[in-house]
Amino acid sequence: MKLHNLKDSNQIVDFATAVKTGLGNNQGLFFPAKVPQLKNIDELLAMPTSARNFAILRQFVSENIGDDALKAIIAKVFTFPSPLKSVNQQVSCLELFHGPTLAFKDFGARFMANCLQHFARTQSDGEKITILTATSGDTGAAVAHAFHGLDNIEVVILFPKGKISDLQQKMFTTLAGNIRTVAVEGDFDDCQKLVKQCFDDNELVRQVGLNSANSINVSRLFAQICYYFDALAQLPLTQRDQTVIAVPSGNFGNLCAGIIAQAMGLPIKRFIASTNLNDTVPRYLKDGVWAPNATVETLSNAMDVSKPNNWPRIEYMIQSAQFDRDSLSGLAVDEQQTATTLKDLHQQGYISEPHAAVAYQGLQDSLDDGETGIFLGTAHPAKFKSSVEEILGIKLPLPEAIADCTHKPDLSIEMEVQFESIKKILLN
Ligand SMILES: *Cc1c(COP(=O)(O)O)cnc(C)c1O
């Protein structure tokens, strides 16, 4: 399958090129012109997860990755479950946080890393690869762990200084080897802007083999399609076509993957785009005006994004009539409500965290009788230990993956929001 640049219709590439280059000309995103359709969805949902993931992913990658290689990649990437945990009669949480860094970004980052490694082995032109990525929290850990120790791949991770939790930070700043981390004196949008500037510098891109592992990389998106199928596979047959999925959204990669899953034939009834106070999309869905405000800090800081970089893909799905705009609604949840919702979930016997709470509130707000609600649990509650403990008045044990890194030294360096500084770091 070919991928088109959404900003330059003349640039059409294969999957490998899209994964290796990340962004296209004019900072355009790569995307399939037409999403492939799957037949026999019920059969697909009855399959073991790895066979189903194979059937889904080969639609997108078969031109560059043979069936056996893809099976091997899938066996390496999808090593942990995504259980659907019931919260009440009508609502369940799809827990996407059972991977090595306890967040859903493990799916995309691990798939991307293993695809790149495959291309390096089979299409090797001896060139180096440098992964440059900006993180508002969980991307950093997922990318660092996914690429850590891979041959011939350097990783540089930018994050907004002081704006992510200590635990989140320790999960990617304590790895040595091929992982370098940079604390930027700005917010996440500043980090994203720096990354874009680097990709605009063709000379730099060539010199260091620059590649972004952000959610703009189409490989991450494709990996995330799989768990939407997994979600419906875990529902009783009778509920499947009444499913409403609420997605806690920041850069909107996760929601975009769900929309692709639906376009492939998965009978998701509708979606809710839940955001925190960074509500560009919910406002846009309401009044049709794209008007990003300055980014504000919230409890759900991995969603503190006011210019979501995956939105053009969703817009394209709508414009090309592959997605019905009417099956998407938005809800922005403020800080007070996030805390209240977290308590509400706790009272129902489910310990969650701020991002998933924002999504759950989307269901609370709009779920009709007869509908089945699923909200995506994007991070383990312990990743947001201090806010969860404070709001719920409980103590959370630290899972091993986090406990291991808390005692290690933070190896990050600090940097102003300056293109020249990041360039120097990359060239070093
Ligand atoms: C990244 C992240 C999100 C937002 O996902 P997008 O694909 O950027 O919309 C939500 N929750 C958590 C915990 C995250 O890390």
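Our subject is the structure listed above.
Predicted, not measured: the structure shown is a model, and the values here were computed from it. (Residues numbered from 1 in each chain as written. Predicted model: local features only at pLDDT ≥ 70, side-chain atom pairs only at ≥ 80, totals over all residues. Heavy atoms only, no water.)

## Re unusual backbone geometry
No. 1: We note that Asn152 has phi near 60°; this positive angle belongs to a residue other than glycine.
No. 2: With respect to the element layout, Asn152 can be found in the loop between helix 6 (138-147) and strand 7 (153-160).
No. 3: Judged by its relative accessible area of 66%, Asn152 is exposed.
No. 4: The phi dihedral of Ala321 is positive, around 60°, even though this residue is not glycine.
No. 5: Relative to the helices and strands, Ala321 resides in the loop between helix 13 (311-319) and strand 12 (328-332).
No. 6: The exposure class of Ala321 is exposed, given its relative accessible area of 67%. (Helix = DSSP H or I, 4+ residues; strand = E, 2+ residues; numbered from the N terminus. Buried < 20%, exposed > 50% of the residue type's maximum accessible area, 1.4 Å probe, protein only.)

## Considerations on the nonpolar core
No. 1: With 100 residues, the main nonpolar core has Phe15, Phe147, Tyr228 and Phe229 as its most contacted residues.
No. 2: Among the elements that take part in this core, helix 10 (residues 218-233) stands out by supplying 11 residues, more than any other.
No. 3: When near neighbours in sequence (up to four residues on either side) are disregarded, Tyr228 contacts Ile245, Val247, Asn254, Leu255, Ala257, Gly258, Ala261, Leu266, Ile268, Phe271 and Leu376. (Core = buried A, V, L, I, M, F, W, Y, C linked by side-chain atoms within 4.5 Å. Contact = heavy atoms within 4.5 Å.)

## Some words on the pattern of salt bridges
No. 1: Enumeration according to the criterion identifies 15 salt bridges in this entry.
No. 2: Where Arg52 meets Asp230, a salt bridge forms, and the shortest distance between an N and an O atom there is 3.1 Å. One end of the pair, Arg52, is in helix 3 (residues 49-61); the other, Asp230, is in helix 10, with 178 residues separating them in the sequence.
No. 3: Between Asp201 and Lys423 there is a salt bridge, with its nearest N and O atoms 3.3 Å apart. Highlighted residues: Asp201 in the loop between helix 8 (188-200) and helix 9 (202-208) and Lys423 in helix 18 (residues 419-427), separated in sequence by 222 residues.
No. 4: Its relative accessible area of 15% is what places Asp201 among the buried residues.
No. 5: One network of salt bridges, with partners in common, ties together Lys161, Glu185 and Glu414. (Salt bridge = Lys/Arg side-chain N within 4 Å of Asp/Glu carboxyl O.)

## Some words on the sheet that holds strand 7
No. 1: Pairing within the open sheet is parallel, and its five strands lie in the order 9-6-7-8-14. Either end of the sheet is taken by a strand with one partner, and the two such strands are strand 9 (210-211) and strand 14 (413-415).
No. 2: Strand direction decides the pairing type here: strand 7 and strand 8 (residues 179-184), joined by six bridges, are parallel. By the bridge assignment, Phe159 is partnered in strand 8 with Ala183. (Pairing = 2+ DSSP bridges.)

## Observations regarding the site of the ligand
No. 1: The full set close to the ligand counts 15 residues, and Lys105, Asp138, Gly250, Asn251 and Thr378 are the nearest of them.
No. 2: In this structure, an oxygen atom belonging to the ligand sits 3.2 Å away from a main-chain N or O atom of Gly253.
No. 3: Asn254 has a polar backbone atom sitting 2.9 Å from an oxygen atom of the ligand.
No. 4: Burial of the ligand by the protein amounts to 97% of the accessible area it has alone, namely 380 Å².
No. 5: The residue makeup of the shell around the ligand, split by class, is six nonpolar, seven polar and two charged. (Near = heavy atom within 4 Å. Polar contact = N/O pair within 3.5 Å; in protein donor to acceptor, adjacent residues only side chain to side chain. Areas by Shrake-Rupley, 256 points an atom, 1.4 Å probe, with all protein chains shown as cover. Nonpolar A, V, L, I, M, F, W, Y, C, P; charged D, E, K, R; others polar.)

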